[in-house]
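The residues making up each chain are set out below.
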Amino acid sequence: MACSSGGSCQSGCYKDYEEEEEDRHSQKKEAANGVSTCGNDVNNRDLCVKCKSNETIAAANPGAAAVASGGDGGRFCADCFRSNLFGKFRFAITSNAMISSSDNVLVAFSGGTSSRVALQFVHEMQCKAQKNFDASRDRSLPVFGVGVAFVDESAIYPVTPVPSRQFDEAIEDMKLIVSNLSPPRKKFHVAPIANIYSLDSGDGNDRLKELVNAIALQNGYTKLVLGSCTSRIACHVLAAAVKGQGYSLAADIQYVDARWEIPVVLPLRDCLKQELDMLCCLDSLKVVKVLENPRSGINGLVSSFVKLLQEENPSRECTIVRTAGKLTPFHFNRIPDNDDGAHLASQRRQKKFNLKSNESLPPESFCPICNSPLSKSDFLSWNDVENGQLSAETFEAKCCLSCQFQILPKEPSSMEDFYSFLPQLIISRTKDGNHCNQRWLREQIQDCLLSDSEDGT
Amino acid sequence: MEEAQGVKPKKKAFCSICNQRKPALKRPKTLDQICRECFYAVFEDEIHRVIVDNQLFKPGERVAIGASGGKDSTVLAYVLSELNRRHNYGLDLFLLSVDEGITGYRDDSLETVKRNEIQYGLPLKVVSYKDLYGWTMDEIVKLIGLKNNCTFCGVFRRQALDRGAALLKVDKLATGHNADDIAETVLLNILRGDIARLSRCTSITTGEDGPIPRCKPFKYTYEKEIVMYAYFKRLDYFSTECIYSPNAYRGFAREFIKDLERMRPRAILDIIRSGENFRISTSTKMPEQGTCERCGYISSQKWCKACVLLEGLNRGLPKLGINRSRGLNSDHTKDVKRSNGTKNIESKQCGTLDF
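Definitions and limits used
Residues numbered from 1 in each chain as written. Chains lettered and ligands numbered in written order. Predicted model: local features only at pLDDT ≥ 70, side-chain atom pairs only at ≥ 80, totals over all residues. Heavy atoms only, no water. Domains from an automatic or database assignment. Contact = heavy atoms within 4.5 Å. Buried area = accessible area lost by both parts, 1.4 Å probe. Polar contact = N/O pair within 3.5 Å; in protein donor to acceptor, adjacent residues only side chain to side chain. Helix = DSSP H or I, 4+ residues; strand = E, 2+ residues; numbered from the N terminus. Nonpolar A, V, L, I, M, F, W, Y, C, P; charged D, E, K, R; others polar. Phe/Tyr/Trp six-rings, centres within 6.5 Å; stacked < 30°, edge-to-face > 60°. Buried < 20%, exposed > 50% of the residue type's maximum accessible area, 1.4 Å probe, protein only. Lys NZ or Arg CZ within 6 Å of the ring centre and 35° of its normal. Core = buried A, V, L, I, M, F, W, Y, C linked by side-chain atoms within 4.5 Å. Pairing = 2+ DSSP bridges. Axes fitted to C-alpha atoms, helices over the stretch in contact; angles between N-to-C directions. UniProt positions renumbered as here; feature names shortened; annotations may be inferred. Salt bridge = Lys/Arg side-chain N within 4 Å of Asp/Glu carboxyl O.

### Brief notes about the domain arrangement of chain B
The extent of an interface is frequently quoted as the accessible surface area lost upon association of the parts. All names here are of chain B. The domain architecture assigned to chain B consists of domain 1 (50-283) and domain 2 (287-321). A separation of 23 Å is found between the C-alpha centroids of domain 1 and domain 2. Of the residues lining the interface, 17 residues belong to domain 1; the matching set on domain 2 comes to 14 residues. Carbon and sulfur atoms make up 72% of the area that domain 1 and domain 2 hide from each other, which totals about 1,300 Å². The largest contributions to the domain 1 side of the interface with domain 2 come from Trp135, Phe152 and Gln159, which together make up 34% of the buried area. Inspection of the domain 1/domain 2 interface yields two residue pairs in polar contact (both at pLDDT 80 or more). Considering every element that reaches the side of domain 1 that touches domain 2, the biggest residue donor is helix α6 (residues 149-168), with seven residues. Looking at the side of domain 1 that touches domain 2, its residues break down into nine nonpolar, four polar and four charged.

Structure follows, in structure tokens:
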């Protein structure tokens, strides 16, 4: 089976991998003495394919290379690998205008390798900006601020509770990690998931995004960075397909998601989990593992399926994400225009997908629970709710089919109970949706209306 | 929330539809406990709704049913002739079968189709790879091994069905592809990066602008329910897997879907719904449709895939048309000159086709 990534995928396809395995084994003797070979080039294969001067990771640091079962460890030296990875991160940021100098960026940190690398890279970028700022004469370009947020989800996983002492230690570890990433200093926010109710913020299938967005909003941040990598997105693509969320899928997997009050950006979207794991190993970036929650149910099935596929062909995750990347994004999948610095590169990318908002189409409607854009098949009895009271029944009709099945209870009496427990913002979001449509309709016919009020008096 | 987490629900006293008879089964699609009669009714009625809502047939049409002797095509033939009678579709139904030349598999299943011909009273036509292409699948596998044989068989079968349909002079071809098949195909296309196919694979009717339009009346019917129907109705079908198929990549998707169905039965329909709702730009580069220079069949390249593969077989180049190479379609002119007149198989054109 030929690798279909066309050579653009970073991890080698299985054919390359097999060849490299043999190389690695045959070169073990040479690698063992750890001396870099520059004289007689019998051991050419131990050299980085990029710079051709340093030893590959597999030769110099077999422990780290073992973390990534792909071919990268056998191809690159540590420096080239690191700069390659950082290059992908930086390219994502610049070509999508993710971070500008006036931004205050909140990094969501779960303790795992992906968000650890995101944090590290954002920090390095900030340091560089700080250096430039200090060195420049006119101090024209300020340095963006960075904060870190952690969401304590232990309340929703009662089955495998983390002993509280271990948990507190983990939090302390995280605080230490964050404080070591100074200067510039970064604030560390910890929020238990129950806070969703005390904040005027919504909830959703992706509660995490929602709550971190709330923290960001409350503390004056302007951008939210998630460490979602290719591997995680590949799982999300399949999980969404399996749950009937094919329409809204395109919204969740782009570099930018500006549906939320604070735009969410995914700068590690092109990086594989293996690469991020290997970097953490190489650079000894501390991760906090005790807080990882096992995935169960559909999500668990999907991630073990993807793992199986990835073992069979190491470029599978890339292919999945690339396929999903060909789906048409939504107009909110770009940084809104009012932000300063619309880079040329990002404009080019927007043109490719014709992301300019189309004035003649009505604005997207969103599911009040998971905030995903609704497709035609999700609309059931919209018009009934325009003027009427909001109730549990009408609320249910407004949700996407997937949430109706997964989240809402079937029995009407349970549905009433459920509705009474919903945070305020979800309800008001439903109302807003109505008003949004009404407003848009009104704008279309404004020039023919003789009266200013709704009922024509 | 409806997840079936392995806990057995309480057995109901009465069928949840008619409330009169004792339930005999749990419906795979919905897990409702219903009696046999209601199962037949709801199964047949859902298919009737799909046919009507999607306007699959018109009165007076001649329709060929792709019949392999397996459960899907047998049940399709049975249900279609039943619904044709009951709801007066006004269709002229035929059975069309393809003989790939797989001993121990196809020859046995063909016997089943011949029995179906008698049991359902539908005229049967069989087209064979040997007659059309000069090769049986047994011979092909002997040459190329077990890795890409499904590609050969699939490409050849598609054309074979069109040829047979033309011989029968039918207006439409109905195949037994069920919901599980389509869900697998959606997943496969995501995994393999085929965005063009992804946009087409959930269509219930395909090839309207080609030689013979095809439709899939079982698009929303679960494979498990088809098996159940055939089992209870004691329909005669051949139930062995193709002996050459174990290595197909589709197997991954199939295993996954089986596990998924156990956890959440509606997931199969959800995958199909996702596939229908994917936002795929219509300006995505779609292949331009032309005709094959060698045989006149519809093709997006100079030679249709079947001709490319055949050329490979006849020249002992099993990878021709499989791997990405400079390949036949770019520089075939000098090759054709060389190979003309050498083998009688090659000079055997695929017959005049009134497509």
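### Examining the packing of aromatic side chains
Enumeration according to the criterion identifies 21 aromatic pairs over all chains in this entry. Between A:Phe330 and A:Phe332 the ring centres are 5.2 Å apart and the planes differ by 0°, which places this aromatic pair in the stacked class. For the residue pair A:Phe330 and A:Phe332, the accessibility class agrees, reading buried in each case. With a centroid separation of 6.5 Å and 50° between ring planes, the pair formed by B:Phe39 and B:Tyr40 is classed as tilted. Residue classification places B:Phe39 among the buried positions, given a relative accessible area of 0%. In textbook terms, an aromatic cluster arises when at least three aromatic residues are bridged by ring pairs, as seen for B:Phe39, B:Tyr40, B:Phe43, B:Tyr78, B:Tyr120, B:Phe218 and B:Tyr229. The lysine or arginine in question, A:Arg269, covers the ring of A:Tyr255, its NZ or CZ lying 4.7 Å from the ring centre. Residue placement shows B:Lys233 over the ring face of B:Tyr40; its charged tip is 4.3 Å from the ring centre.

### Describing the nonpolar core
Core analysis: the biggest nonpolar cluster contains 67 residues, and A:Leu238, B:Ile190 and B:Phe278 have the highest contact counts within it. Broken down by element, this core gets its largest block of residues, nine residues, from helix α11 (residues 230-242) of chain A. Setting aside residues no more than four positions away along its own chain, A:Leu238 makes contact with A:Val302, A:Phe305, A:Val306, A:Ile320, B:Leu187, B:Ile190 and B:Leu191. Within the second largest apolar cluster, 52 residues are counted, among which are A:Ala64, A:Ala65, A:Cys80 and A:Leu181.

### Description of the sheet that holds strand β6 (residues 264-265) of chain A
Residue and element names in this part refer to chain A. Strand order in this open sheet of six strands is β3-β2-β1-β4-β6-β5, and the pairing throughout is mixed. In this open sheet, the two strands that pair with only one neighbour each are β3 (187-192) and β5 (256-257). Across six bridges, strand β2 (residues 145-152) lies against β3 in parallel orientation. In the sheet register, Val148 faces β3, and the bridge partner there is Phe188. Sitting on the sheet, helix α7 (residues 113-135) touches β1 (104-108), β2 and β4 (223-225), and the angle it makes with β2 is about 165°.

### Quick notes on the UniProt feature "binding site: ATP" (unreviewed entry) in chain B
Residues and elements named next belong to chain B. Mapped onto this structure's residue numbering, the UniProt feature "binding site: ATP" (unreviewed entry) falls at Gly66, Ala67, Ser68, Asp72, Val98, Gly176 and Asp181. Locating Val98 in the fold gives a position in strand β4 (residues 92-99). The residues touching Val98, leaving out its near neighbours within four places in the chain, are Ala67, Arg106, Val127, Tyr129, Arg157, Ala160 and Leu161. The residue Asp181 is located in helix α7 (residues 179-192) in this model. Beyond its immediate sequence surroundings of up to four residues, Asp181 is in contact with Asp72, Gly176 and Arg250.

### Remarks on the interface of chain B and chain A
In this complex, chain B contributes 32 residues to the contact, which on the side of chain A involves 42 residues. Summing the contributions of chain B and of chain A, the shared interface buries around 3,500 Å²; its carbon and sulfur component is 65%. There are zero salt bridges connecting chain B and chain A. If you look at where chain B meets chain A, you find 11 residue pairs in polar contact (both at pLDDT 80 or more). Within the residue set of the side of chain B that touches chain A, elements represented by two or more residues are α7, α8 (195-200), α10 (250-263) and α11 (267-277) of chain B. Classifying every residue of the side of chain B that touches chain A gives 16 nonpolar, five polar and 11 charged.

### Focus: the environment of A:Lys175
All names here are of chain A. Structurally, Lys175 is set in helix α8 (residues 164-180). A relative accessible area of 39% means that Lys175 is categorised as partly exposed. Separated by 69 residues in the primary sequence, Lys175 and Leu106 place their C-alpha atoms 15 Å from one another.

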